[in-house]
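One letter stands for each residue in the lines below.
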Amino acid sequence: MEDMLFYDRLQFAFTITFHYIFPQLTMGLSLLIVFLKGKYLLSKIEKYNNAAKFLMKIFAVNFTMGVVTGIPMEFQFGTNWAKFSELTGSIIGQTLAMEGMFSFFLESSFLALFIFGEKLMGQKLHFLTGFLVFLGSWASGWFILATNAWMQHPVGYEILENGKFVLNNFGDLFTNPWLLPAFLHNQIASVVTSSFVVASIGAFYVLRNKQVEYGKLFLKTGVIFGLVSSILVAFPTGDWNAKNVAEHQPAAFAAMEGIFETEEAGSEIVLIGQPNMVDKKLDNKIAVPNILSFLTHQDWNKQIPGMDQFKEEELPSNIPALYYSYHIMVGLGTIFIGVMALALFFLWRKKLYTIKPLLWTIMFLVPFPYIANLTGWYTAELGRQPYLVYGLLKTSDGISPTVSSGNTLFTLLGFVALYMLLGLLFLVLVGKTINQGPTPQTH
Amino acid sequence: MEVFWYIAIAIVLAIFFILDGYDFGTGIIHLFFAKKEKDKEVIAKSAGLFWDSNEVWLVAAGGMLFMAFPTFYASVFSGFYLPLIIVLWLIIFRAIGLEFRGLFKYQMWKDIWDTSFGVSSLLLALFFGIALGNIVRGVNLGDVQNGISAHEGHYFFLPLWNSSFSPLTEHPGVIDWFTLVIGLIAVVTLAIHGANWIILKTNSSINSKLKGVIFKLNIVLIALTLFSLYLWQIVNPNSLNNFVEKPLLMVFPIIYFTGLIGLFFIKRIKKDGHAFLLSTLLILGGITSSLASLFPVILPSVNTVNEPLTIYNTAAPEYGLSVALTWGIIGFILLLVYFIVQKRLMGGKVDNMDYGH
Ligand code: HDD
Ligand code: HEM
Ligand code: HEM
């Protein structure tokens, strides 16, 4: 039983992590593509159109990856979490089915048109198809987050005698207080990823002294979008999420922030420290007093319950992992703002394209927004443990009763092998595309 | 309401098999008949341009099943765990084959992607047929042994096969001689469908030869169909009762046989679209007849201890189904609009279309 649960969780964590590498770029990049295409429509400068079409090539490869890794996600609810699906399917099935009907269709139908149809349709319609792809991908994020929000903070349901969760208010699924902050934060975080990717490609072209015209365009676009989104991701949306967690999942909040003991008045904010689960304290702590209370409640002296206020079984199951995930996300977020602010400053002074160390930094920063996004999700998902549906359904009660751990391990190994191959091919392909660059097409 | 959602899901699934079915079939034909590089390229392109928008129908069917029949979704997806995951892997291999083909210069790579596309298409067709075979045969619900269920009566777990490969044992596996025959039917049907698609969408040099291939495959299909009906009687003597009790259901087998007989005259059919329509009828009729033979059961039980799964004992409650009806109708209209817009703009032969990269 124990290892059935372990392998089910490991497989889900592995496959969703891999899946989420791709949609975060899809969602953000579609916004940048629409922006560049729109700029072309207004200015009629060919450069913008070529840039948009070039990014579309990267988008297309990335999208394919998202589709093939997304289909296993949808199936896994049934294959590995059968009991969970049976008990809650009539609720989360709603949002997942809507995602399929409203967003995936929109996205994939119009993506094909955007890629193949420029000559057929004329520029205005071409812009429109690009916009619809963007809309589809953001709608997809909306429905998926509505699903996740219900698991974090269940609403609009009733529990029958046989333990089944039944929907009794459809509207509640979308007015869930968890949904809007999570959605905005998550979408802006995906804009962070895509801006960094675009800026990084730009830095590469400028440093290599090839495709320099496009390199500068990408750097400029990436840096401006990057700074704005990095700020928005921290404030107001990150802050709003933190308040939300403090209100609805106080035990998870205490663990995220690493507050072992409740303080009389005003909680400190921890910058660095390692959770020591034996002595129930943080080792090597560096913290600033009272800030956390102020950030969370706008009151320097407000008391925030620490982990000592909760019973063992109310606390998240893996506190150190949760704590590190959260601190990595927030730490990276702070660094992003710093780097992008610096870059924008030099862009404004017209020096950015010549400062090599900064260009190197921008180029190599590219994995970090991915890490921030993934650790952000780990924060959300680990904070929810040991529950699948917060406070109501234990993770251990959601697994498939008939699938043995040997079978799950077998499929997990298969996924690992296949995804390594897939990841490798993806890198080769994207590398090739970037190497070719957005040279104007000649036909 | 249950009946409505059942029909809606059946329609979406049938559309998936009709649309993605030609991709699978294209892969099978590609594997066996395409020899020249030029042909290989256009044939792969005729599938490559469409596979991902076709696969969305699978995603939609999955989502609708989850929402409307959660108990069925949970039971079947965990019970058919191994074959389903293998299908997922095959879907990935096929996508790799199609997407990467055009991007590498060397023939060695092209051969690798082609094989990946062809073999995974073939196996997918086989597996989907086997799945249908499993549904009509039924499974050991509750994994009953000596009259006692090992789990709740609506859960089960199927091995890929058991030592006897026989559907008549207490614990039939996923693959046995009955489901294998159904799997072969699916392979042949989709190969015919794919060949029709290639004729319709490309100017490849093997088009003229393909009509002969379809003719021969059709004869094999007739033989397999009759053989499977015979086997079906052995596996489940009551399999045709539904058609006797509700003669109206006979339209579904009639659709199937129309396709079958029509394709007999393939060499005289002038319009490529008509031939494609006939193989569409074949798929549509095949799936709907199988489902109709069971209705309202959706997964029979091979033991007498546990009840079969029906659309009534696995459905979500009334409220959820009826709100979903509202958005479902809007969604479905949108789907059809997208679909028509897309097929309109991308109609015609694919040879000269500019394939991305
Ligand atoms: C580029 C990525 C990125 C960056 C820089 C940040 N976040 Fe974040 N964060 C995410 C990407 C993300 C995410 C992946 O998008 C999450 C996971 C679930 C969600 O809705 O968004 C998330 C969730 C998330 C949560 C919810 C955790 C839960 O549900 O238990 C909180 C409280 C924060 N974030 C707070 C912040 C703060 C205060 C940041 C300050 C800099 C911050 N995030 C930067
Ligand atoms: C919005 C869609 C999502 C849904 C519905 C969802 C649902 C689930 C479910 C059912 C599990 C398995 C049970 C469990 O261990 O709690 C899980 C675990 C997990 N998910 Fe999510 N998830 C979503 C998004 C994500 C994303 C985008 C990521 C990260 C990239 C993620 C990371 C994880 C991790 C790491 C686990 C394992 C946690 C653990 O087992 O302790 N999730 N999630
Ligand atoms: C467990 C949770 C998840 C499931 C079941 C799931 C399911 C899927 C499926 C089936 C696809 C393929 C759709 C197609 O055929 O076009 C897909 C792609 C996609 N998913 Fe996920 N997904 C999950 C998590 C997420 C998360 C957390 C996000 C973002 C917030 C997301 C956003 C997308 C987007 C934008 C696509 C389009 C393809 C792409 O952009 O790469 N998904 N997902």
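The structure displayed is predicted, hence computed values, not measured ones.

Cut-offs and rules
- Residues numbered from 1 in each chain as written.
- Chains lettered and ligands numbered in written order.
- Predicted model: local features only at pLDDT ≥ 70, side-chain atom pairs only at ≥ 80, totals over all residues.
- Heavy atoms only, no water.
- Near = heavy atom within 4 Å.
- Polar contact = N/O pair within 3.5 Å; in protein donor to acceptor, adjacent residues only side chain to side chain.
- Helix = DSSP H or I, 4+ residues; strand = E, 2+ residues; numbered from the N terminus.
- Nonpolar A, V, L, I, M, F, W, Y, C, P; charged D, E, K, R; others polar.
- Domains from an automatic or database assignment.
- Donors = N, O, S within 2.8 Å, 3.2 Å for Na, K, Ca; no water.
- Buried area = accessible area lost by both parts, 1.4 Å probe.
- Salt bridge = Lys/Arg side-chain N within 4 Å of Asp/Glu carboxyl O.

## Notes on the site of ligand 3
Around ligand 3, the structure places 25 residues, and the nearest of them are A:H19, A:T26, A:G66, A:G70 and A:N186. Chains contributing residues near ligand 3 are chains A and B. Residue A:H19 places a side-chain N or O atom 3.0 Å away from a nitrogen atom belonging to ligand 3. In this structure, an oxygen atom belonging to ligand 3 sits 2.6 Å away from a side-chain N or O atom of A:T26. Sorting the residues of the shell around ligand 3 by element identifies α1 (2-43), α2 (46-80), α3 (82-116) and α5 (123-152) of chain A as the ones contributing at least two each. The element contributing the most residues to the shell around ligand 3 is α2(A), with 9 residues. Grouping the constituent residues of the shell around ligand 3 by class yields 14 nonpolar, 9 polar and 2 charged. Counting residues domain by domain, the shell around ligand 3 receives three or more from each of domain 1 (1-29 + 46-80 + 404-443) and domain 2 (81-176) of chain A.

## What about the site of ligand 2?
Residues and elements named next belong to chain A. Near ligand 2, the surroundings consist of 20 residues, among which R9, W377, E381, R384 and Q385 are the closest. Note that an oxygen atom of ligand 2 is positioned 2.7 Å from one of the side-chain N or O atoms of R384. A distance of 2.3 Å separates an oxygen atom of ligand 2 from a polar side-chain atom of Q385. Sorting the residues of the shell around ligand 2 by element identifies α1, α5 and α13 (367-384) as the ones contributing at least two each. Among the residues forming the shell around ligand 2, the class breakdown is 13 nonpolar, 4 polar and 3 charged. When we break the shell around ligand 2 down by domain, the ones giving at least three residues each are domain 1 (1-29 + 46-80 + 404-443) and domain 2 (81-176).

## Describing the coordination of the iron atom of ligand 2
Six octahedral donors around a metal ideally make angles of 90 or 180 degrees; four tetrahedral donors ideally make 109.5 degrees. Exactly one protein atom donates to the iron atom of ligand 2; that atom is A:E381 (OE), 2.0 Å from the metal. Within the secondary structure, A:E381 is located in helix α13.

## Some words on the coordination of the iron atom of ligand 3
Of the protein atoms, A:H19 (NE2) alone serves as a donor to the iron atom of ligand 3, at 2.2 Å. Here A:H19 lies in helix α1.

## Considerations on the domain arrangement of chain A
All names here are of chain A. Per the domain assignment, the segments making up chain A are domain 1 (1-29 + 46-80 + 404-443), domain 2 (81-176) and domain 3 (179-376). Look at where the C-alpha atoms of domain 2 and domain 3 centre, and you get two points 27 Å apart. With both sides pooled, the region where domain 2 packs onto domain 3 buries about 910 Å², and carbon together with sulfur makes up 71% of that total. Our count for the domain 2 to domain 3 interface comes out at 0 salt bridges. The tally of links from domain 2 across to domain 3 stands at 2 residue pairs in polar contact (both at pLDDT 80 or more). When contributions to the side of domain 2 that touches domain 3 are tallied by element, the ones reaching two or more residues are α5 and α6 (172-175). By residue class, the composition of the side of domain 2 that touches domain 3 is 7 nonpolar, 4 polar and no charged.

## Description of the environment of A:E247
Structurally, A:E247 is set in helix α8 (residues 212-248). For the pair A:E247 and A:F104, spaced 143 residues apart in the sequence, the C-alpha separation amounts to 33 Å.

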